[in-house]
Amino acid sequence: MIIIMSDSHGESEAIANIKTKYQHDASLIIHCGDSEFPATDAIWQGISVVRGNCDFDNGFPESTVLTADGISIFATHGHLYNVGFTLSHLAQTATENHCPVATFGHLHTPIVRVEEGVLCINPGSVAQPRGQYQTKMYAKLEVTPDTYVITYLDLAHQPIDGLAFEVPRVNK
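Basis of the calculations
Residues numbered from 1 in each chain as written. Predicted model: local features only at pLDDT ≥ 70, side-chain atom pairs only at ≥ 80, totals over all residues. Heavy atoms only, no water. Buried < 20%, exposed > 50% of the residue type's maximum accessible area, 1.4 Å probe, protein only. Helix = DSSP H or I, 4+ residues; strand = E, 2+ residues; numbered from the N terminus. Arc of directions from axis to C-beta. Contact = heavy atoms within 4.5 Å. Phe/Tyr/Trp six-rings, centres within 6.5 Å; stacked < 30°, edge-to-face > 60°. Pairing = 2+ DSSP bridges. Right-handed = clockwise from strand over helix to strand, strands pointing away.

## Some words on helix α1 (residues 12-22)
- Of all the residues in α1, the buried ones are Ala14, Ile15, Ile18, Lys19 and Tyr22. Seen from one end, α1 has its buried residues packed into an arc of 125 degrees, which puts them on one side. What points out from α1, more than 90 degrees from its buried face, is the exposed set Glu13 and Thr20.
- Those residues of α1 that are buried lie in contact with β1 (2-5), β2 (28-31), β9 (137-143) and β10 (147-154).

In C-alpha cells form, the structure reads like this:
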C-alpha cells in the first residue's frame, strides 16, 4: 500500500497523524509538497517529499521517481507542470521516467485520471481542501496484478463517500 498526501501548509498534526497510522504498514508514504516545513524536520523521516510552490527550502527535490509495490511513481507538486490546465505535461514526464503512475498536489482537490496511459493521482489536501469535496483528505493506492485501487480517506482514516476508484493497469 502506498499513502499519498499533499498541501499540509504548516499543519504538522495532519502529517504526524497519517505517518503514525501507516509508518509500519505502508511500503511508501509520499508528500506532494507545500508542507511549509524545512527539509531537515524530523517529521520527514520515513516520508518521501517534493517541493511545492510554498516550500522555500531548497532541500526538497522538485520531483522524484520512487519505487514501491512493483511500480515506479513520478512524484511532484504540479505547479511546474501546469496541472491546473492539463495533465499532459505531467503524464509525458512520467512516461519519460518510465513511471506508470504520477502523483501531484497543488490543486487541493482529489483527482484520479488516466492521461496518455499514466495514472495521475492528486490526493487532495490534508489542510485546505478546495472544490466539491471540502474534507481534509489523503489517498491510499493499492496495487494488484490487474488494477490500481485508489481510496480517499479523511483525517480520521475513514473512506470518503464517492471517492474510491479501481483503474485497470495498462502499463504492467
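Back to the write-up after that little detour.
## Brief notes about the packing of aromatic side chains
- What the rule picks out here adds up to 4 aromatic pairs.
- Ring plane angle 70 degrees and centroid distance 5.8 Å describe the contact between Tyr22 and Tyr138, whose orientation is recorded as edge-to-face. Of the two residues, Tyr22 is situated in helix α1 and Tyr138 in strand β9; the sequence distance between them amounts to 116 residues.
- We classify Tyr22 as buried; its relative accessible area is 6%.
- Summarising the aromatic geometry, the rings of Trp44 and Phe60 are spaced 6.0 Å apart at their centres and angled 85 degrees between planes, so their arrangement reads as edge-to-face. You can see Trp44 sitting in the loop between β2 and β3 (48-49) and its partner Phe60 sitting in the loop between β3 and β4 (63-68), a full 16 residues away along the chain. We note that Trp44, like Phe60, is buried.

## Some remarks on the pairing of β2
- Of the two faces of β2, the one carrying Leu28 and Ile30 and the one carrying Ile29 and His31 are both buried.
- Bridging between β1 and β2 involves 4 bridges; their strand directions are parallel. By the bridge assignment for β2, Met5 is matched with His31.
- Traced from β1 through α1 to β2, the parallel crossover comes out right-handed.
- Direction of pairing for β2 relative to β3: parallel, over a ladder of 2 bridges. Paired with Ile30 across the two strands is Ser48, which belongs to β3.

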